[in-house]
Amino acid sequence: MGSATNFPFGVSSFGIPAMGSVGGIPFGGNYWFVNEGSGADGNGGNSPSQSVKSISRALALATPNNNDVIFLSGTVHTTASINWNVNQTHLVGVTGPLKNGKRARISLLGGATGFNNLVNVTGNGCYFANFGTFYGFSNASAALVAWEDDGGRNCYDSVEFLGFGDGTTTTGSSNLTGSRAFRMNTNVGETTFRNCVFGVNTETRNATNYTVEIAGGAPRLTFENCDFESYLGGSGGASSHILIGAGGIDREMILNGCHFLNSVGAGATVMAQVFNVNGAPGGTVLLDSCTAYGATAWQTTPGTSIYMNMGAVSAPGGGISLVV
């Protein structure tokens, strides 16, 4: 397959997984290539020179449960939700491995009518790595959640989930209570997030909304070294980064080395609480070596479902509010 290089995630300079693996994970299926700028959906899709134009076309070519890999170059635009419904089919961005600002992206076509879910994942056993998303409509009454996972047993590695992308007063997606950057809504299996970014700090959120929502009895979720970002306006202080409803999780949800950021140093309104957790969430949240900045407390009213070993810093040089 060719020798390994310093290209991200073990991908060779030709866009082919070095030694049949991505990030050290062996994928023995077919390889499909997406490049909106140079591809066409009439192409075969099985080499960079034969790239297809859309992710939906690449998904149609993929074989379920075969560990096929779709490689994304550049930005692909869509006018409707991408339904990721093929089990054990993986998406890898071919770009520099930046945590913020990756140039392999899924975005909206300008002027598109609002639709819910930029991507809706119903497949399971999928690996998503090294790409970004951007999602936001000026009138988003039917377009609230950027990415939803209803499949479970998936892994997200260095993916940016950038919801709240439109700051239009009252009607922009950053100003609607139902908006989310990511929603987990399944009771199927475990899902892992590593080095991911949720939310944006470039649009002001002036509604009580939530960066991430965990629902559906999601079992044994793990977040490692992830960043949760926001810039709250004067009417957005009651927002939180994570919302967990009644029975939203099952067993444990573990967050290790994560950063919960709200840009008060740049003028954002302080977030009242990082977590909004129902009194009967269905399981336990464990936080280890996490940092919260621009928030008054982890929880305004301490509950019995969150365990942590650190405080939340509300302002530069300010005090710490520790809720145990």
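Just so it is clear, the structure is predicted and the values come from calculations on it, not from any experiment. (Residues numbered from 1 in each chain as written. Predicted model: local features only at pLDDT ≥ 70, side-chain atom pairs only at ≥ 80, totals over all residues. Heavy atoms only, no water.)

Engineer: Please clarify how the overall build of the protein chain should be interpreted in this entry.
Structural biologist: Within the protein chain, the secondary structure is distributed over one helix and 29 strands. Burial analysis of the protein chain (324 residues in total) assigns 53% to the buried set. For the protein chain, the proportion of contacts with a sequence separation of at least 24, taken over those separated by at least 6, is 70%. (Helix = DSSP H or I, 4+ residues; strand = E, 2+ residues; numbered from the N terminus. Buried < 20%, exposed > 50% of the residue type's maximum accessible area, 1.4 Å probe, protein only. Contact = heavy atoms within 4.5 Å.)

Engineer: Honestly, the environment of Phe27 in this entry has me stumped. Any pointers?
Structural biologist: Tracing the chain through its elements places Phe27 in the loop between β2 (25-26) and β3 (31-35). Through-space distance from the C-alpha of Phe27 to that of Val69 is 7.4 Å; in sequence the pair is 42 residues apart.

Engineer: Hey, could you run me through the sheet that holds strand β9 (residues 119-121) in this one?
Structural biologist: In a beta sheet, neighbouring strands are held together by backbone hydrogen bonds and run either parallel or antiparallel to one another. Taking strand neighbours across the sheet as the criterion, the seven strands line up as β6-β9-β11-β13-β16-β19-β23 in an open arrangement whose pairing is parallel. Each edge of the open sheet carries a strand with a single partner, namely β6 (82-84) and β23 (275-277). Between one strand and the next, the sheet's axes are offset by a mean angle of 15°, whatever the strand orientation. Two strands pair when backbone bridges link them, and strand β16 (residues 210-215) and strand β19 (residues 240-244) are joined in this way by four bridges, in the parallel orientation. Note that in β19 the partner of Val212 across the bridge is Ile242. (Pairing = 2+ DSSP bridges. Axes fitted to C-alpha atoms, helices over the stretch in contact; angles between N-to-C directions.)

Engineer: Help me out: how do you make sense of the confidence of the model for the protein chain in this one?
Structural biologist: Close inspection of predicted coordinates is inappropriate for parts of the model with low pLDDT. With 87% of its residues at a pLDDT of at least 70, the protein chain reaches an overall mean of 89. Confidence drops under a pLDDT of 50 for residues 1-19, and excluding neighbours within four residues, the segment shows 45 contacts in the predicted structure. Overall, residues 316-324 carries pLDDT values under 50, and its contacts beyond four positions in sequence, including any with other chains, amount to 23 contacts. (pLDDT = per-residue confidence, 0-100.)

Engineer: Explain the side chain of Lys102 to me, please; I cannot follow it from the model alone.
Structural biologist: Tracing the backbone shows Lys102 in the loop between β7 (89-93) and β8 (105-108). Overall, the relative accessible area of 1% leaves Lys102 in the buried class. One polar contact links the side chain of Lys102 to the main-chain carbonyl oxygen of Leu98, over a distance of 2.8 Å. Residues in contact with Lys102, not counting those within four places in the same chain, are Thr95, Gly96, Asn130, Phe131, Gly132, Ser158 and Glu160. (Polar contact = N/O pair within 3.5 Å; in protein donor to acceptor, adjacent residues only side chain to side chain.)

Engineer: Explain the environment of Gly233 here, please?
Structural biologist: Looking at the element boundaries, Gly233 is found in the loop between β18 (227-230) and β19. Relative accessible area serves as the criterion here: at 7%, Gly233 is assigned to the buried category. Along the backbone, Gly233 and Thr269 are 36 residues apart, and their C-alpha atoms lie at a distance of 5.4 Å. Among all residues touching Gly233, those that are not within four sequence positions of it are Thr204, Arg205, Asn206 and Thr269.

Engineer: Could you clarify how one ought to interpret the packing of aromatic side chains in this entry?
Structural biologist: Within this structure, the stated rule accounts for 28 aromatic pairs. With centroids separated by 6.3 Å and ring planes inclined at 70°, the aromatic side chains of Phe115 and Tyr135 adopt a geometry described as edge-to-face. One end of the pair, Phe115, is in the loop between β8 and β9; the other, Tyr135, is in the loop between β10 (127-133) and β11 (145-149), and 20 residues separate them in sequence. Look at Phe115 and you get buried, because its relative accessible area is 10%. Centre to centre, the rings of Phe182 and Phe193 are 5.3 Å apart; their planes meet at 90°, and the pair counts as edge-to-face. (Phe/Tyr/Trp six-rings, centres within 6.5 Å; stacked < 30°, edge-to-face > 60°.)

Engineer: What should I look at first to understand the state of the cysteines in this one?
Structural biologist: Disulfide: a covalent bond formed between the sulfur atoms of two cysteine residues. Applying the stated criterion across every chain, the model contains zero disulfides. Here Cys155 is not cross-linked by a disulfide; its sulfur's nearest cysteine counterpart is in Cys196, at 7.8 Å. Residue class for Cys155 comes out buried when judged on its relative accessible area of 14%. The structure places no disulfide on Cys290, whose sulfur is separated from the nearest cysteine sulfur, that of Cys258, by 4.7 Å. (Disulfide = S-S within 2.5 Å.)

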